[in-house]
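# Results of the structural survey
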Amino acid sequence: MATVRKTGKKKKIIIAVAVVLVVAVLATVIGVAVNANNNPAVTLTTIGTGEIKETVSATGPVSAGTVKEYKVGAVATVKEVFVKTGDTVKQGDLLATFDTSSLDEQTASLKASYEQANASYKQAVNSQRVAKANLSDVNDEIAKLEKEVQKLGGETAVTTETPSFTWPSVSTTTTTQAPSEPDTSTTTTTTTTQAETSEPVTYPPTIEGAMQAVTDLVETITKLSDDVQQTNEMVRVVMEQVAAELESGNYSPEKIAEAVGEAVSEAIREGIIEETKLLIESGAAVDMIEAAVAGVDWSAIGTGIASNSTVQLTALELRLTALYAQRELYQLNASDNTVYAQKQIADTTKSALDAVEEAGAELEAGWTAAFDGTITACDIFPGEQTSLLSGGITLENLSTMVVTLSLGEYDIHKVKVGMPATITTAYGTYTGQVLTKAPTATGGSDSSLLDSMGSSIAGISGLSSLTATGAGVEVTVSVDSPDENIIAGFEADVEIKAGDHQNIVTVPIESLVLEKTGSYVYLYDEETQTVTKTLIETGAVSDSVYEVKSGLNVGDRVISTPSSDYEEDSFEVRVTKD
């Protein structure tokens, strides 16, 4: 009997499994290959060392190296003019003469303004001294009264915010009637106030309301005099009278205003309030105070306070509110703000006076040439009033030439006085050097093209002015041995040699990604075959490379020309060329 062997079937199973495994391995290999082919293809650049001859390039107008502009700074009359545009003059030559007889009145007016401003400044200094001396006494008196008021159950501090109120404005008009006879004249002064036709303002019937009313009243009184002592006397007279009227039960705004007006008038007559130290006529000042007092509904304040305490407490609280207001006045006068403002006014008027006196002395002596040169502008003529002139005479030394540049904040830090430069015009090339560098920038705006492109791009010379539209630091560059081909008024290209850097780490410009937050490269990792966006610090720059101060080392490899389409900061790549 034949025996059936089953080895063939098992063999077929083994072969089938092997085939499946081979297919799986092939699929994996093919998948890996496909994925690898899908990685971005990049070209790498190896970081090395090099040199950078750094330059700063800009364009600016050519002008004479030495310029003197004769401008009129005072009122005078042109007597004679001895030059015209195009004339050549020697140092000391007379250019023009002037009649300065009208300067005396102008100078006298400025002197009077300065003396008044200086007196106001000294008065402010004295007021500050007095205020500082009295502030401590007022605070002591306030503390004492607050204790007395608290004992009587009254209010001593502002606990709620009260609405502000501006006192009715007062206008004073002085009309002079033409005399009917040659030896007689009549002057009529009319004072009108809004308070005469409007209802009194009602303040809250509390100590806060009373304090607000008194504070507003004090503000009105302070407008009547610049003298702190006089202001304090007026505040004292007014508040004592108001307190006396309320204490006697008189709450009528009109009657209180009338009583206050009589008290102020009496103080003026007795010399307690000096009329000469008021900013307006005494009658108008009294009317203004009366209008301010009548503008308050004292009935609401007086009855509101008195309903909760005795008449004595009412008087104390009103006195206390007056002291609060007086303390604010002392604090204002004790501060440096008023003194500083008066000092600024005095200094400004003194500068104006000095300028006119200096200009007058120059005009009286006549204009003379400060150096050898050429008259490039002359627009004054005999008989003209100098106040009508917009120009004068311009003298230039055309044997020396300079180019004026405006450099942005990135280039200006590279430039120093004395650096060599090359100046190029349409007709030739000249050597020169940096002569001056202004300490501050001028012009500019709040935004720039770099706001959307990234500040690091400003490291490229010539683009630095984009950091602020129109902004720049003025730099002048001399032109050595100028000839007839370099003409004042035309523009020239300037290249300043800002530095020579040897054996430094460099990266090609095209390998950089320039963003507002800085300069980046895509650094390659050979082990993982990935690149990572990496921030680097750059330094000097040429037309082709940047200096690398940090972030890269010699031998590192970066993507030669990164694409702007990269969506991730780190990803696998396929290197096609190195």
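This part takes up a negative patch on the surface. A contiguous patch of negative charge on the surface is contributed by Asp565, Glu567, Glu568 and Asp569. Tracing the sequence through the fold places Asp565 in the loop between strand S19 (557-559) and strand S20 (570-572).

It is worth spelling out the packing of helix H2 (residues 103-151) against helix H9 (residues 336-365) at this point. At a minimum axis separation of 8 Å, H2 and H9 run at an interaxial angle of 160°. One element, H2, and the other, H9, form an angle in the roughly antiparallel class. Read as a crossing pair, H2 and H9 show a hand that is left-handed.

So, on to unusual backbone geometry. One non-glycine residue, Ser481, lies in positive phi territory at about 50°. Within the element layout of this structure, Ser481 appears in the loop between strand S13 (472-479) and strand S14 (491-508).

A separate point is the confidence of the model for the protein chain. Within the protein chain, residue pLDDT values average 76, and 73% of them lie at 70 or more. The element-level mean pLDDT for the protein chain is lowest in strand S6 (residues 170-177), coming to 35, with S19 highest at 95. Predicted confidence is poor over residues 22-34, with pLDDT under 50, and the contacts of this stretch with residues over four places away or in other chains come to zero contacts. Predicted confidence for residues 157-197 stays below pLDDT 50, and this span has 63 contacts to residues more than four positions away or in other chains.

Here the focus is the packing of aromatic side chains. What characterises a pair of aromatic rings is the spacing of the ring centres plus the angle enclosed by the ring planes. This model, assessed by the stated rule, comprises five aromatic pairs. Taken together, a centroid distance of 5.1 Å and an interplanar angle of 75° make the contact between Tyr522 and Tyr566 edge-to-face. Of this pair, Tyr522 sits in strand S16 (residues 518-525) while Tyr566 sits in the loop between S19 and S20, placing them 44 residues apart in sequence. Among the residues examined, Tyr522 registers a relative accessible area of 5% and is labelled buried. Between Tyr522 and Phe571, the ring centres sit 6.1 Å apart and the planes meet at 50°, which makes this aromatic pair tilted. Of the two residues, Tyr522 sits in strand S16 while Phe571 sits in strand S20, which places them 49 residues apart along the sequence. Of the residues examined, Phe571 reaches a relative accessible area of 12% and is grouped as buried. Joined through ring pairs, the aromatic side chains of Tyr70, Phe98 and Trp367 make up one cluster. A cation over a ring is seen here: Lys350 above Tyr114, with NZ or CZ 5.9 Å from the ring centre. The ring of Tyr520 has Lys533 lying over it, and the distance from NZ or CZ to the ring centre is 4.8 Å.

What counts and how
- Residues numbered from 1 in each chain as written.
- Predicted model: local features only at pLDDT ≥ 70, side-chain atom pairs only at ≥ 80, totals over all residues.
- Heavy atoms only, no water.
- Patch = residues over 30% accessible without salt bridge, like charges linked within 9 Å, V, L, I, M, F, W, Y side chains within 5 Å.
- Areas by Shrake-Rupley, 256 points an atom, 1.4 Å probe, with all protein chains shown as cover.
- Salt bridge = Lys/Arg side-chain N within 4 Å of Asp/Glu carboxyl O.
- Lys, Arg positive; Asp, Glu negative; His and termini not counted.
- Charge placed at Lys NZ, Arg CZ, Asp CG, Glu CD.
- Helix = DSSP H or I, 4+ residues; strand = E, 2+ residues; numbered from the N terminus.
- Axes fitted to C-alpha atoms, helices over the stretch in contact; angles between N-to-C directions.
- Parallel < 35°, antiparallel > 145°, perpendicular 65-115°, else oblique.
- Left-handed = near helix turned anticlockwise from the far one by under 90°.
- pLDDT = per-residue confidence, 0-100.
- Contact = heavy atoms within 4.5 Å.
- Phe/Tyr/Trp six-rings, centres within 6.5 Å; stacked < 30°, edge-to-face > 60°.
- Buried < 20%, exposed > 50% of the residue type's maximum accessible area, 1.4 Å probe, protein only.
- Lys NZ or Arg CZ within 6 Å of the ring centre and 35° of its normal.

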